[in-house]
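A structural walkthrough
The residues making up each chain are set out below.
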Amino acid sequence: MSILSVCAGAVGAVILILIIRQLKNDIAMPISVCITTALSITAIVLIEPISTYVSELAENVRYGQYVKVMMKSLAVALVTSSSADICRDCGEGAIASKVELVGKCSIMLISLPLIKSLLTLAEEIMYA
């Protein structure tokens, strides 16, 4: 799927939503959420080969665990960002900010083994 078709579809969807909003405002938001979900699924499909390739590379290098942490953190960031954007589009800014907070905490939790190994390495360098 080319980026041009995705962008053209998104612009067409926005125009459709604007027209629907003028005629029947109550169904414009669910349509917007459906289109956003479809675009997110498209992004996931496009990211999957990249994820597979990077995972294969991570298995062949000494510091593959760091790549895995990076990929998991990236996935959490993308899902969190998309979810928060949907919440904001629905007028729920407070929920969006809490979704982002949970995403940041999740990334910190995912990164704990990495932080531990970096602190261990720093300790080994200092006392070597």
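All values reported here derive from a predicted model rather than from experimental measurement.

This next bit is on helix α3 (residues 64–89). Its 26 residues give α3 an end-to-end C-alpha distance of 38 Å, which sits within 8% of 38 Å, the value for a rise of 1.5 Å per residue. By the burial criterion, the buried members of α3 are G64, V69, M71, S73, T80, A84 and C87. Taken together, the buried residues of α3 touch α2 (28–59) and α4 (93–126). At the exit of α3 stands G91, carrying a positive phi of roughly 85°.

The subject of this paragraph is the packing of α3 against α4. Two numbers describe how α3 lies on α4: the axes approach to 8 Å, and their chain directions differ by 175°. In terms of their interaxial angle, α3 and α4 are classed as roughly antiparallel. Here Q65, Y66, V69, K72, S73, V76, A77, T80, S83, A84, C87 and R88 of α3 lie close against α4, whose contacting residues are G93, I95, A96, V99, E100, G103, S106, I107, I110, S111, L114 and S117. Residues of the contact of α3 with α4, tallied by class, amount to twelve nonpolar, nine polar and three charged.

Sizing a probe to match a water molecule and rolling it over the atoms shows the empty space that remains. Approximately 390 Å³ is the volume found for the largest pocket. Forming the boundary of the largest pocket are 16 residues, of which I44, I47, A75, L78 and V79 lie nearest the centre. Going through the elements one at a time, α2 and α3 are the ones with two or more residues in the lining of the largest pocket. The greatest single-element share of the lining of the largest pocket, amounting to nine residues, is contributed by α3.

Pairs of packed helices are described in terms of their axes, by the angle between the two and the distance that separates them. Viewed as axis vectors pointing N to C, α2 and α3 meet at an angle of 175°, and their least axial separation amounts to 11 Å. Between α2 and α3, the angle is such that the two are roughly antiparallel. In this structure, α2 contributes M29, V33, T36, S40, I47, S51, V54 and A58 to the contact, and α3 contributes G64, V67, M71, L78, S82, I86 and D89. Looking at side-chain class alone, the contact of α2 with α3 contains nine nonpolar, five polar and one charged residues.

In this structure, L23 sits in helix α1 (residues 3–23). Judged by its relative accessible area of 72%, L23 is exposed. Through-space distance from the C-alpha of L23 to that of V102 is 37 Å; in sequence the pair is 79 residues apart.

Across its 32 residues, α2 extends 46 Å between first and last C-alpha, which sits within 8% of the 46 Å expected from 1.5 Å per residue. The largest bend in α2 amounts to roughly 30° and is located at I47, with the proline P49 lying one to four residues further along. Within α2, the full set of buried residues consists of A28, S32, V54 and A58. Lining the buried residues of α2 we find α1 and α3.

Enumeration over the complete set of coordinates arrives at two salt bridges. A salt bridge links D85 to R88; the shortest N-O distance between them is 3.8 Å. Residue D85 and its partner R88 are located together in helix α3, separated by three residues, close to a single helical turn. Note on R88: relative accessible area 37%, which makes it partly exposed. Through salt bridges with shared partners, one network takes in D85, R88 and E100.

What counts as what
Residues numbered from 1 in each chain as written. Predicted model: local features only at pLDDT ≥ 70, side-chain atom pairs only at ≥ 80, totals over all residues. Heavy atoms only, no water. Helix = DSSP H or I, 4+ residues; strand = E, 2+ residues; numbered from the N terminus. Expected span 1.5 Å × (residues − 1). Buried < 20%, exposed > 50% of the residue type's maximum accessible area, 1.4 Å probe, protein only. Contact = heavy atoms within 4.5 Å. Axes fitted to C-alpha atoms, helices over the stretch in contact; angles between N-to-C directions. Parallel < 35°, antiparallel > 145°, perpendicular 65-115°, else oblique. Nonpolar A, V, L, I, M, F, W, Y, C, P; charged D, E, K, R; others polar. 1 Å grid on protein atoms, 1.4 Å probe; cavity = no way out; pocket = protein on both sides within 12 Å on 5 of 7 lines; lining within 4 Å. Points joined across faces, edges and corners; volume = space filled by probe spheres on them. Bend = angle between axes of the 7 residues up to and from the residue. Salt bridge = Lys/Arg side-chain N within 4 Å of Asp/Glu carboxyl O.

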